[in-house]
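Each chain, written out:
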Amino acid sequence: MAVERTLAILKPDCVKKNLIGKVTAQIQEAGFKVVAMRMTRLTKETAGGFYEVHKERPFFGELVEFMSSGPCVPIVLEKENAVADFRKLIGATNPANADAGTVRKLYADSVGENIVHGSDSVENAKIEINYHFASSDLVANYGF
Ligand code: CMP
C-alpha cells in the first residue's frame with residue numbers, strides 16, 4: 001500500500017473540551033506520524049474557503065460560524081493508506097452513526113460539532129494540506 005498524507009483538523013470543540021492530547025494520542029497509537037501541526041484560529045473567510053465545496057449546503061453558515069468560533073489544530077498525518085485509515089479511525093460524520101471506539105463516537109456531540117475533520121481523498125488531502133501549511137512547514141522526514 002502506498003504511503004499517503006492526509007489533513008486532520010482538531011476542531012474548536014476538541015480544543016474547548018481540552019481533548020487535543022487524548023485525540024492526538026489515539027491518532028499516533030493508530031500508527032499515524034505527525035508531519036506538521038499548529039494551532040490557529042480560522043476567520044470566517046478562511047473557514048469558508050476551506051469548506052467552499054459545501055457552500056450551497058444548508059449547514060454552510062453554521063459550519064463556518066463553528067469553525068471560526070475558537071482555535072483549531074490542523075495536522076498533516078502520514079501513513080500507508082492514510083486517507084481511508086484516518087476516516088475509519090474518526091468514524092462517521094454524524095457521531096450517532098459512528099462505530100464504537102472511533103474518535104467521533106467517543107467525543108463528538110453532533111454532526112456539526114464532530115471534533116475532527118479528515119480529508120476524503122488523496123487529491124483533496126493535497127489541496128487541504130496546501131490550504132493550511134506552506135511546503136516549508138512539511139519538514140518531517142522520519143526516514144525509518
Ligand atoms: P467535516 O468532515 O469537517 O466536513 C464537512 C463538515 O460539515 C462535516 O465534517 C460536519 O461537521 C459538517 N456537516 C455535515 N453535515 C452537517 C449538517 N447536517 N449540519 C451541520 N453540519 C454538518
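Residues numbered from 1 in each chain as written. Predicted model: local features only at pLDDT ≥ 70, side-chain atom pairs only at ≥ 80, totals over all residues. Heavy atoms only, no water.

Trainee: Would you mind showing me how to read the nonpolar core here?
Mentor: The nonpolar side chains of a soluble globular protein tend to be buried with one another. If you look at the biggest cluster of nonpolar residues, it comprises 21 residues, and the most contacted ones within it are Leu10, Val23, Ile27, Leu77, Phe86, Val103 and Ile115. Breaking this core down by element, the ones donating at least two residues are β1 (3-10), α1 (12-16), α2 (20-29), β3 (73-80), α5 (82-90) and α6 (103-107). Looking at which element gives the most residues to this core, the answer is α5, with four residues. Ranked by size, the runner-up nonpolar core spans 17 residues in total, among them Leu7, Ala47, Leu63 and Met67. (Core = buried A, V, L, I, M, F, W, Y, C linked by side-chain atoms within 4.5 Å. Buried < 20%, exposed > 50% of the residue type's maximum accessible area, 1.4 Å probe, protein only. Helix = DSSP H or I, 4+ residues; strand = E, 2+ residues; numbered from the N terminus.)

Trainee: Any chance you could explain the environment of tyrosine 107 here in plain terms?
Mentor: Relative to the elements of secondary structure, tyrosine 107 occurs in helix α6. Sequence separation of tyrosine 107 and leucine 19 is 88 residues, and the distance between their C-alpha atoms is 8.6 Å. For tyrosine 107, the contacting residues outside a window of four places in its chain are Lys17, Leu19, Lys22, Val23, Gln26 and Ile115. (Contact = heavy atoms within 4.5 Å.)

Trainee: Quick question: what am I supposed to make of the sheet that holds β1 here?
Mentor: Across a sheet, strands are paired by hydrogen bonds formed along the backbone, either parallel or antiparallel in direction. In spatial order, the strands read β2-β3-β1-β4; together these four strands make up an open sheet with antiparallel pairing. At either margin of the open sheet sits one strand with a lone partner, and together these are β2 (33-37) and β4 (116-118). For this sheet the average axis-to-axis angle between neighbouring strands, irrespective of direction, equals 25°. Across eight bridges, the pairing between β1 and β3 is antiparallel. Its bridge partner lying in β3, leucine 7 is registered against valine 76. This element, α5, spans β1, β3 and β4 of the sheet and lies at about 35° to β1. Helix-sheet contacts for helix α7 (residues 122-132) involve β1, β3 and β4, and the interaxial angle to β1 is about 55°. (Pairing = 2+ DSSP bridges. Axes fitted to C-alpha atoms, helices over the stretch in contact; angles between N-to-C directions.)

Trainee: Would you take a moment to explain unusual backbone geometry for this structure?
Mentor: With the exception of glycine, most residues fall at negative phi, and the peptide bonds are largely trans. Phi is positive for asparagine 18, which is not a glycine, with a value near 60°. Positionally, asparagine 18 belongs in the loop between α1 and α2. Even without being glycine, asparagine 81 reaches a positive phi, approximately 55°. Mapped onto the fold, asparagine 81 is located in the loop between β3 and α5.

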